[in-house]
Amino acid sequence: MPDEPLYGAGLWHFGQFRDRYATDGYGPPVTTLEAIDRAGQVGDLSVVDINYPFNPADTDVDALQQRLRANGLRAIALTPEIYTRTFCRGGFTNPDPGIRRQAIELVSDAADLARRLGCDYVKLWPGQDGWDYPFQADYREIWKLSIDAVRELAQRHPDLRFAIEYKPREPRNRMTFSSAARTLLAIDEMEVPNVGILLDFGHSLYGLESPAEAAGMILARDKLYAIDVNDNFRGWDDDMVVGSVHLVETFEFFHTLQQAGWNGVWQLDQFPFREDHVEAARAGIDVMRTIWRALQILDVKALAEAQSRQDALAAQRIARSALLGAERGETR
């Protein structure tokens, strides 16, 4: 049996959550170092994706590295916060060239630190880049600004990888990097070798994609740098525990990755607003571990044969058999 994948999580999973109703937060504030300690309590995590700047911003980097090591963790990525109030009218696409430059320099600073921490990539989630109303923006201009900014960063740091996390909307009503296809098109126009995609399963659902199909498109172009996994009801980015709604589609997603030989980290991006943070992470990993076992007993040959006939019922039966068998502890 092949080795089990490594599991990771966005460090925000262990922080304080807010929404427009509980503006004082669900729970007390959490520092970056405290969040690392919470992540260490999960027991099955190997890596974390860390927001930058840290909380507080003057957190000592050496102390952070020591805290990671003490908890058996490694920083797989830094996510620069180019989506906060400062950038509420856009980061890379802000109409103010000074704010655009500030966003680029913040990412560049994160890249320098990511190199020091030994991260695998810098994640770009330009959530404020886009528009809200018809006629508000020159679409060609904000498309060009987005591409030019990421290209500049990639060329400035050619030894690092930059992973764009696309999303259809929120906080902007329409986001520039909104789908797998649009983001691949943008990367093609950048003409740099070190920009790829972080595929967030929930964003793909929310955008009415098939996450498995989207993964296949990205994999075919060798641009899948990382994944984040969660779940939602497709009407919003709920960031629920993995497999809690779309278990079969989650299984299909991981099957697509396995068939392509992708062996990256299986990473959580859950927002347990009202649940215990550590237990929610353990629950997500438990589901992913069940899916991994199901992949080991899935009758791939029979599934391929059913798919060659586009036999939906047979394919569903084969997938269901593997999932239920994994839950019962069956092995090949």
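Residues numbered from 1 in each chain as written. Predicted model: local features only at pLDDT ≥ 70, side-chain atom pairs only at ≥ 80, totals over all residues. Heavy atoms only, no water.

Caption draft 1: Representation of the overall build of the protein chain within the structure. When helices and strands are tallied, the protein chain shows 11 helices and 10 strands. For 332 residues, the compact-globule estimate of 2.2 N^0.38 gives 20 Å, and the protein chain sits close to it at 20 Å. Its C-alpha atoms put the protein chain at 60 × 45 × 40 Å along the principal axes. Within the protein chain, the fraction of its 332 residues that count as buried is 53%. Nonlocal contacts in the protein chain, meaning residues at least 24 apart in sequence, comprise 77% of its contacts between residues at least 6 apart. Total accessible area on the protein chain stands at roughly 15,500 Å², and carbon and sulfur atoms take up 50% of it. Considering the protein chain, the positive charge centre built from 36 side chains and the negative charge centre built from 50 side chains are found 2 Å apart. (Helix = DSSP H or I, 4+ residues; strand = E, 2+ residues; numbered from the N terminus. Rg over C-alpha atoms; globule rule 2.2 N^0.38 Å. Buried < 20%, exposed > 50% of the residue type's maximum accessible area, 1.4 Å probe, protein only. Contact = heavy atoms within 4.5 Å. Areas by Shrake-Rupley, 256 points an atom, 1.4 Å probe, with all protein chains shown as cover. Lys, Arg positive; Asp, Glu negative; His and termini not counted. Charge placed at Lys NZ, Arg CZ, Asp CG, Glu CD.)

Caption draft 2: Just the pattern of salt bridges, in detail. Taken as a whole and assessed by the stated rule, the structure comprises 24 salt bridges. Close ionic contact of E4 with R289 constitutes a salt bridge, the shortest N to O distance being 2.4 Å. Here E4, found in the segment before strand 1 (7-10), pairs with R289, found in helix 9 (residues 277-297); they are 285 residues apart in sequence, far enough to count as distant. Relative accessible area serves as the criterion here: at 32%, E4 is assigned to the partly exposed category. Between D37 and R67 there is a salt bridge, with the nearest N and O atoms lying 2.8 Å from each other. (Salt bridge = Lys/Arg side-chain N within 4 Å of Asp/Glu carboxyl O.)

Caption draft 3: Inspection of the pairing of strand 6 (residues 162-165) at higher detail. The two faces of strand 6 match: F162 and I164 on one face and A163 and E165 on the other face are all buried. Pairing analysis gives three bridges linking strand 4 (residues 121-124) to strand 6, with the strands arranged parallel. Across the sheet, the residue bridging to L124 is I164, located in strand 6. Summarising the sheet, strand 6 and strand 8 (residues 195-200) pair through four bridges and their orientation is parallel. Among the inter-strand pairings, F162 is bridged to a residue of strand 8, identified as V195. (Pairing = 2+ DSSP bridges.)

Caption draft 4: How the structure looks around the environment of A304. With respect to the helices and strands, the residue A304 is situated in helix 10 (residues 300-308). The exposure class of A304 is partly exposed, given its relative accessible area of 39%.

Caption draft 5: How the structure looks around the sheet that holds strand 1. Pairing is parallel across the open sheet formed by eight strands, whose spatial order is 9-8-6-4-3-2-1-10. The two strands at the open ends of the sheet, each matched to only one other strand, are strand 9 (224-228) and strand 10 (266-268). On average, each strand axis in the sheet is inclined to that of its neighbour by 30°, with strand direction left out of account. Of the strands in this sheet, strand 2 (47-52), strand 3 (74-80), strand 4 and strand 6 touch helix 3 (residues 97-117), which is tilted by about 175° from strand 3. Here helix 9 sits on the sheet in contact with strand 1 and strand 10, set at roughly 155° to strand 10. (Axes fitted to C-alpha atoms, helices over the stretch in contact; angles between N-to-C directions.)

Caption draft 6: A look at the nonpolar core. With 93 residues, the main nonpolar core has F162, F254 and W266 as its most contacted residues. Setting aside chain neighbours within four positions, we find W266 in contact with P5, L6, Y7, G8, I227, F254, M288, I291, W292 and L295. With nine residues, the next largest nonpolar core counts V47, I76, Y121 and L198 among its residues. (Core = buried A, V, L, I, M, F, W, Y, C linked by side-chain atoms within 4.5 Å.)

Caption draft 7: Layout of the packing of aromatic side chains. Evaluated as defined, the whole model comprises 12 aromatic pairs. Taking 6.3 Å as the distance between ring centres and 75° as the angle between the ring planes, the aromatic pair formed by Y7 and W266 counts as edge-to-face. Note that Y7 is positioned in strand 1 and W266 in strand 10, a separation of 259 residues in sequence. Residue classification places Y7 among the buried positions, given a relative accessible area of 2%. Exposure remark for W266: the relative accessible area of 7% places this residue in the buried category. Centre to centre, the rings of Y52 and F54 are 5.7 Å apart; their planes meet at 85°, and the pair counts as edge-to-face. Overall, Y52 belongs to the buried group, its relative accessible area being 17%. Classification of F54 as buried rests on a relative accessible area of 5%. A connected cluster of aromatic rings, assembled from ring pairs, spans Y7, F201, F253, F254 and W266. (Phe/Tyr/Trp six-rings, centres within 6.5 Å; stacked < 30°, edge-to-face > 60°.)

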